[in-house]
Amino acid sequence: MRIEFCGATTGVTGSCHKISTKEHSILLDCGQFQGGKDRDKLNYEDFPFDPKEIESMVLSHAHIDHCGRIPLLVKRGFTGNIYCTKATADLLPIMLRDSGYIHEKEAEWKTKKALEKGEEPVAPLYTVVDAERSLKYITPVRYNEEVEINDQMTIKFNDAGHILGSSILEVWISEDGEKKKLVFSGDLGMKHRPILKDPTTITEADYVVMETTYGNRLHPENVMSIDDLLKNILKTTERGGTVVIPSFAVGRTQEMIYELNKLYDNNPEVYSKLKNVKVYIDSPMATSATQVFKENPECFDKETKGYIERGDNPLDFKNLIFTKSTEDSKRLNINKEPKIIISASGMCEAGRIRHHLRHNLGNKKNSIIFVGYQAEYTLGRKLLNGADSVNLFGEEVQVNAEIVNLEGFSAHADRDALAEWVSSFKNNPRVFLVHGEDDAKKDFAKFIDDKFGIKPTVITENSGFDL
Ligand SMILES: [Zn+2]
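Residues numbered from 1 in each chain as written. Predicted model: local features only at pLDDT ≥ 70, side-chain atom pairs only at ≥ 80, totals over all residues. Heavy atoms only, no water.

**Brief notes about the overall build of the chain**
Within the chain, the secondary structure is distributed over 15 helices and 22 strands. Its C-alpha radius of gyration of 23 Å places the chain within 12% of the 23 Å reference for a compact globule of 467 residues. For the chain, the spread of C-alpha atoms along the principal axes amounts to about 70 × 60 × 40 Å. Sorting the 467 residues of the chain into buried and exposed places 56% on the buried side. Pairs at least 24 apart in sequence give 74% of the contacts found in the chain among residues at least 6 apart. Accessible surface, the chain: about 20500 Å² in total, of which carbon and sulfur atoms supply 48%. (Helix = DSSP H or I, 4+ residues; strand = E, 2+ residues; numbered from the N terminus. Rg over C-alpha atoms; globule rule 2.2 N^0.38 Å. Buried < 20%, exposed > 50% of the residue type's maximum accessible area, 1.4 Å probe, protein only. Contact = heavy atoms within 4.5 Å. Areas by Shrake-Rupley, 256 points an atom, 1.4 Å probe, with all protein chains shown as cover.)

**Side note on the sheet that holds strand β12 (residues 243–246)**
Overall, parallel pairing links the six strands, which are arranged β14-β13-β15-β12-β16-β19 in an open sheet. Two strands bound the open sheet, and with one partner strand each, they are β14 (320–322) and β19 (402–405). Ignoring strand direction, the axes of neighbouring strands in this sheet form an average angle of 20°. Note: strand β13 (residues 278–282) against strand β15 (residues 339–343), five bridges, orientation parallel. By the bridge assignment, I281 is partnered in β15 with I342. Along the sheet, helix α12 (residues 353–360) contacts β12, β13, β15 and β16 (367–370); its crossing angle with β12, the most-contacted strand, is approximately 150°. (Pairing = 2+ DSSP bridges. Axes fitted to C-alpha atoms, helices over the stretch in contact; angles between N-to-C directions.)

**Things to note about the packing of aromatic side chains**
Scanning the entire structure with this criterion turns up nine aromatic pairs. Summarising the aromatic geometry, the rings of F5 and F465 are spaced 6.0 Å apart at their centres and angled 70° between planes, so their arrangement reads as edge-to-face. Of this pair, F5 sits in strand β1 (residues 2–7) while F465 sits in strand β22 (residues 463–466), and the two are 460 residues apart along the sequence. When sorted by exposure, F5 lands in the same class as F465, which is buried. Ring geometry for W421 versus F425: centroids 5.3 Å apart, planes at 85°, classification edge-to-face. An aromatic cluster of three or more residues is present, and its members are F5, F432 and F465. Positioned above the aromatic ring of Y307 is the side chain of R310, whose terminal nitrogen or guanidinium carbon lies 5.0 Å from the ring centre. The positively charged end of K318 is found above the aromatic ring belonging to Y271, 4.3 Å away from the centroid. (Phe/Tyr/Trp six-rings, centres within 6.5 Å; stacked < 30°, edge-to-face > 60°. Lys NZ or Arg CZ within 6 Å of the ring centre and 35° of its normal.)

**Remarks on the pattern of salt bridges**
Using the criterion set out here, one finds 30 salt bridges in the structure. Between R2 and D466 there is a salt bridge, with its nearest N and O atoms 3.1 Å apart. Residue R2 is located in strand β1, and its partner D466 is located in strand β22; the two are separated by 464 residues in the primary sequence. What makes D466 exposed here is its relative accessible area of 59%. Between K441 and D438 there is a salt bridge, and its shortest N-O distance comes to 3.6 Å. Of this pair, K441 and D438 both sit in helix α15 (residues 438–452), three residues apart, roughly one helical turn. Exposure remark for D438: the relative accessible area of 34% places this residue in the partly exposed category. Three or more residues are tied together by salt bridges with common partners; here these are R2, E4 and D466. (Salt bridge = Lys/Arg side-chain N within 4 Å of Asp/Glu carboxyl O.)

Read these as spatial facts, not as claims about activity.
Here's what the structure looks like:
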């Protein structure tokens, strides 16, 4: 038996690992490379295996850097089952269609540029139709259930606490009378995050493949407090302004709804102050994702289930409105009442949020509240850095609104949480570190060696190992 690391070996994106015996080959994840031109080029290269020879695939979660090349894999000949949790299966159509759409738009734009220079048109990595075609291979399975995927391999999905449906995978592999167990961390979440269950601690393994996104960083304690959020909402709405919250459509938006439900439906004193303030979710993707959350309550933690048991829907409240048409969306900018608009994309790079910024940045009564990480060079980061004006749709827009940073709950376990997770294995398994920048992997390797005497193998390029 053998493992080959085919992605997320030089950074955090493109997660893809192949496990094989003489008779069977499967993939763990098939993610897209992201983060600039050089990474993007990797997506167009041949896979380091023949997609036709991969029998099935096991998917840890629905983030694009873990699932984003599935349509491409199918386009190039893969026809096996794609095993994942039910919640992941429900999120995949939303994620992959959107990704196909983005690839089409990008190719259109690149083609326009290319034709101007007399060059060849650019084909998209895959299209919405390719994404649709790949969906028929999705095979949802239950958490905590052992599933035999061929006569040598059995898998089991465990909660990873990272996003809805995310999982840590256990894979048992038998060959030549030997049975080994491999644990794949997927992406690990932090404990005590809203809505989701905590990541599962696993104690037995022969091999562990783990992510190290935050391998050398610690999160500040409980970064987003609901009190700060409330204080800023009241300050803005009491002076007659609108609160605009850029938010990732899947995950962060549902956490915001969850927090606001506590204020609107569970705190009469606060409600009396906010009863005239409507909350609009203005992102078709966020609306669909919220529906998927509501349909998968088995993923919820105790606190969230508690609301349901008391008869309160934790993802809905009195003043919450999901906009439907683009007309509804446009109307939000004519309506001058104090309100809260939550819209995507989270870093303000695309989507309806850009229209809301254009209409709201100029008025000093308004505020823009950031609740998630803003990567370098994004519009969100520019606003956080105090830009006086920003370019939106070809025009310079003056920034007069108040800019507030309440960095939300991180979806990734930090160094100490990763270390705690890997130190729970009892029988000294061989550990492989992937899915991190080089420094994060190396620093984390040293940290767990110093602390627990674990000597991991740091993966820094595509490579294979006999198990
Ligand atoms: Zn992820």
